[in-house]
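Chain by chain, the residues run as shown.
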Amino acid sequence: MTAVQANRERWASLLQRQGAAVVLVVVIIVAWIVFPRFGSLGNLRDLALQSSFLLVIALGMTFVIITGGIDLSVGSVYALGGVLAAYGSQWGFFGSLLLPLAVCGLIGLINGILVARTGMAPFIVTLASLLFARGLLLAITSEGSTTFKIPGDAIFLRLGQGTFLGIGYPVYVAAALCLAGGVLLRRTRFGQSVFATGGSESSALLMGLPVARTKIAVYTMSGLLAGFAGALTAAYLQSGVTVIGVGTELDAIAVVVIGGTLLTGGAGTIIGTVIGVGLRNVIQSVINQIGTLDSNFQSVVSGGFLLVVVIIQRWLAKSRNA
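Keep in mind the model is a prediction, meaning the values are calculated, not measured. (Residues numbered from 1 in each chain as written. Predicted model: local features only at pLDDT ≥ 70, side-chain atom pairs only at ≥ 80, totals over all residues. Heavy atoms only, no water.)

**Looking at helix α7 (residues 169–187)**
Worth spelling out the cut-off: Only DSSP runs of H or I covering at least 4 residues are called helices, and only runs of E covering at least 2 are called strands; the numbering of each starts at the N terminus. Here the expected length of a helix is defined as 1.5 Å per residue gap, with one fewer gap than residues. Burial classes: relative accessible area under 20% of the type maximum marks a residue as buried, over 50% as exposed, and values in between as partly exposed (1.4 Å probe, protein chains only). What the arc covers is the set of directions going from the helix axis to the C-beta atoms. Only heavy atoms enter the contact rule, under which two residues are in contact if any of them lie within 4.5 Å.
Across its 19 residues, α7 extends 27 Å between first and last C-alpha, which sits within 8% of the 27 Å expected from 1.5 Å per residue. Here α7 has its buried residues at Pro-170, Val-171, Val-173, Ala-174, Cys-178, Gly-181 and Leu-185. One side of α7 holds all its buried residues, which, seen down the axis, span an arc of 160°. In α7, the exposed positions that point more than 90 degrees away from the buried face belong to Leu-179 and Arg-187. Its buried side turned inward, α7 meets α2 (41–66), α6 (157–161), β2 (167–168), α8 (189–199), α10 (211–237) and α12 (270–290).

What follows is the structure, encoded as structure tokens:
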């Protein structure tokens, strides 16, 4: 390899890993200058709080995509987790927390077993789980006509509405989970198996790595985190809202990819996902600050931005392999 090729590969790798961070910084600086309200402490707190729920979901999605898979069920599982948390509040704090974790974790486990043990396509398996979770949610809520409320004196509400130093508890919870996820991904044998499975499954099998067990674990993790995000949202809203989660799976996939995780698997970082979530919500905040644009325009921007990112990723991959 010549010096020029090595330098080109190094820059391509750097852009792939840090490109979203550069764009995020630029967007924040421009928004801060153009819209003074954007930089207000209250707006930044709201941004962090709203980002925390999607970040918890995207954390699980990051592990799944690094293995070369996809999880389309997280949006419906997220909504189901919120409803189950509100329903379980009649049994106290642990009912609100354990019920959604148990049910949503089980859905993730079944996804993992079907993908890993039967060889079924993750797209098909998780699409079926999306329909199942949404159907179960509608059955529990009588076609959405029943909204379960969490009692105002429930300790569980503090998880979503409590603050420390003016910042909501969900922000700290999401940060702690991302820190733990980063350590798990980068500093453990399990993390190595996740990367190896996504990089080349056949090679991982030849190396004796537990590929099937790794896939089952990441899909179970995705279900657990989506359900937990739903429980956090229920604690924040004080009810199990049935209409949330529609399209959330696409948002989660988008922020993970924007953060530099390859859809083909084998590469990705937790910090990249954090940046992807931040960039998506900052763009949404800027659109809201403009005021003259329809809020749905944010979806147009996000879709276009995701398309550009995927194209750039493919170009960078070719540059590294050239």
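**Comments concerning the environment of Gly-160**
By the secondary structure assignment, Gly-160 is in helix α6. Spatially, the C-alpha atom of Gly-160 lies 5.4 Å from that of Leu-232, the residues being 72 residues apart in sequence. Discounting chain neighbours no more than four positions away, the residues touching Gly-160 are Pro-170, Leu-232, Ala-235 and Tyr-236.

**A short note on the layout of surface pockets**
We count it as follows: Put simply, the grid is 1 Å and covers the protein atoms alone, a cavity is a trapped set of points that fit a 1.4 Å probe, a pocket is an open set with protein on both sides within 12 Å along at least five of seven lines, and lining residues have an atom within 4 Å of a point. Grid points are joined across faces, edges and corners, and a volume is the space filled by probe spheres set on the points. Note that Gly is not counted as nonpolar here; it falls among the polar residues with everything else outside the nonpolar set of Ala, Val, Leu, Ile, Met, Phe, Trp, Tyr, Cys and Pro and the charged set of Asp, Glu, Lys and Arg.
Here the largest pocket defines a volume of roughly 540 Å³. For the largest pocket, the lining is made up of 22 residues, of which Gln-50, Leu-54, Arg-280, Asn-281 and Gln-284 are closest to its centre. Considering only residue class, the lining of the largest pocket consists of eight nonpolar, 11 polar and three charged. In this model, the second largest pocket occupies a volume close to 330 Å³. Of all elements in the fold, only α1 (3–34), α2, α7 and α12 reach the threshold of two or more residues within the lining of the second largest pocket.

**Remarks on the side chain of Arg-134**
So the rule is basically this: Here a polar contact is taken to be a pair of N or O atoms separated by no more than 3.5 Å, where protein atoms must pair a possible hydrogen donor with a possible acceptor and residues adjacent in sequence count only if both atoms sit in side chains.
By the element assignment, Arg-134 lies in helix α5 (residues 122–140). There is a polar contact of 3.2 Å between the side chain of Arg-134 and the backbone oxygen of Thr-242. The residues contacting Arg-134, other than those within four sequence positions of it, are Gly-75, Ser-76, Ala-79, Thr-242, Ile-244, Gly-245 and Val-246.

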